[in-house]
Each structure stands twice: as C-alpha cells, then as structure tokens.
Amino acid sequence: MATPTRSQPATKVKDDRTLLKELLIDELRDIYWAEKYLTKTMPRLLKAATSPQLAHAFENHLMQSLDQITRLELAFEMMELHPRARKCEAMEGLVKECQQMLQDMPKGSSALDAGLIICVQKIEHYEIAAYGSLVQLAKTMGRKDVADILHLTLVEEKETDELLTELAVSGINLDAVHEEGQ
Ligand SMILES: [Fe+2]
C-alpha cells in the first residue's frame, strides 16, 4: 500500500482505488452486456452474408463470442462477483447500424457483404478499445489474473478485425465494384 503523504492523504488513496475498482467492474458489466447482445445479432448477419468466407468468419466470431462470455464470467468470479450486465448503449447503436445495413442493401449482393464488414469492424474496434482498457485497468489494480484472461479475448478481437480487413481487400469489396459496373 502507498505511504500517505501530505499531498496524498490515506483516505484519498483508498478512494481512488475504490473508484478504479468500481470503474473496472462497471466496464466489465458493459462489455458483458455487449457480448451477449452481439450473440443474438450474429446469426442474422451470418444468414445475410453472401460470401461463404464471410459467413464462416461471422460463424467463427459467434462461437468465439460465446467463449468470451464465459471468460467474462470467470473474470467476475475471480473478483468474487456475480456476473451482471449493464446495458451498453454503444453496442446497441452499432447493432442498429447493422440492422439498417440489412435493410438498405439488396439481399445476396456483394455490396451488402461490404457493408456488413464495415459494421462488424466498427463493432470489433469498440470491443478492442473496451478489452484493451480493461486489461490495462486490471493491471493497474494489480489483478494480473483478470488482465491475462481478458487479454486472450483482446487478441481474438484483433484477429477477427484483421481477418475482416483481409476479406474486404481480397475480393468482397471488389465484387461490389463489379456489380455496380454491370
Ligand atoms: Fe467479442
């Protein structure tokens, strides 16, 4: 524990630690809600994807998200907490954009695939930011055990993001350009 100084009294140090712990718990609850919400949406996106590779990527991500939910539950347990979700407004908004994309783009088109990649990459970037912050916060709190388990998910989210970029670059977006030219 830090030695109290005149500029940093003991009570202040304790307050900061408590606040940081609350922040960590709050952010865990936020991403827990986000992951669960996403698993309900993914099957729709999976069905809507035209490219088999994209459908496969979405299916993989759905399976990963289920594992990630289990990891979050483990992180709650490690902190001697009951897993609890807190509505994530950002994820709700990002999923709404996916639903809008499904309405706006014709079914079976590569343009829809390209649009879905954009939507899901936005989701991935949110998740990368969330898990990246959580890992850092857990380390700051001296919870390397919690940081380590969340880091596994962070790596998966980054890999999914890279895979989606590869799919976009390797053809799906190009197919959409060809469609336009027809
Ligand atoms: Fe995730």
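Visitor: Explain helix α3 (residues 89–104) here, please?
Guide: Between its first and last C-alpha, α3 extends 22 Å over 16 residues, near the 22 Å set by a 1.5 Å rise per residue. The set of residues buried in α3 consists of Met91, Leu94, Val95, Cys98, Met101 and Leu102. Projected down its long axis, α3 shows its buried positions confined to an angular sector of 105 degrees, all on one face. Those residues of α3 that are exposed and angled more than 90 degrees off the buried face are Glu89, Lys96, Gln103 and Asp104.

Visitor: Got a minute to help me understand the coordination of the iron ion in this structure?
Guide: Protein coordination of the iron ion is provided by Glu35 (OE), Glu35 (OE), Gln68 (OE1), Glu127 (OE) and Glu157 (OE), with donor distances spanning 2.0 to 2.6 Å. Sequence positions of the donors to the iron ion reduce to the motif E-x32-Q-x58-E-x29-E. Here Glu157 lies in helix α5 (residues 144–181) and Glu127 lies in helix α4 (residues 110–140), a separation of 30 residues in the sequence. Each member of the pair, Glu127 as well as Glu157, carries the same accessibility label: buried.

Visitor: Help me understand the nonpolar core in this model?
Guide: The nonpolar side chains of soluble globular proteins are, as a tendency, buried together. Core analysis: the biggest nonpolar cluster contains 51 residues, and Leu28, Leu45, Phe58, Met91, Leu116 and Leu150 have the highest contact counts within it. Of all the secondary structure elements, the ones that give two or more residues to this core are α1 (10–48), α2 (52–78), α3, α4 and α5. In this structure Phe58 touches Met42, Leu45, Leu46, Ala49, Leu116, Val120 and Leu164, once residues within four positions along its chain are discounted.

What counts and what doesn't
Residues numbered from 1 in each chain as written. Predicted model: local features only at pLDDT ≥ 70, side-chain atom pairs only at ≥ 80, totals over all residues. Heavy atoms only, no water. Helix = DSSP H or I, 4+ residues; strand = E, 2+ residues; numbered from the N terminus. Expected span 1.5 Å × (residues − 1). Buried < 20%, exposed > 50% of the residue type's maximum accessible area, 1.4 Å probe, protein only. Arc of directions from axis to C-beta. Donors = N, O, S within 2.8 Å, 3.2 Å for Na, K, Ca; no water. Core = buried A, V, L, I, M, F, W, Y, C linked by side-chain atoms within 4.5 Å. Contact = heavy atoms within 4.5 Å.

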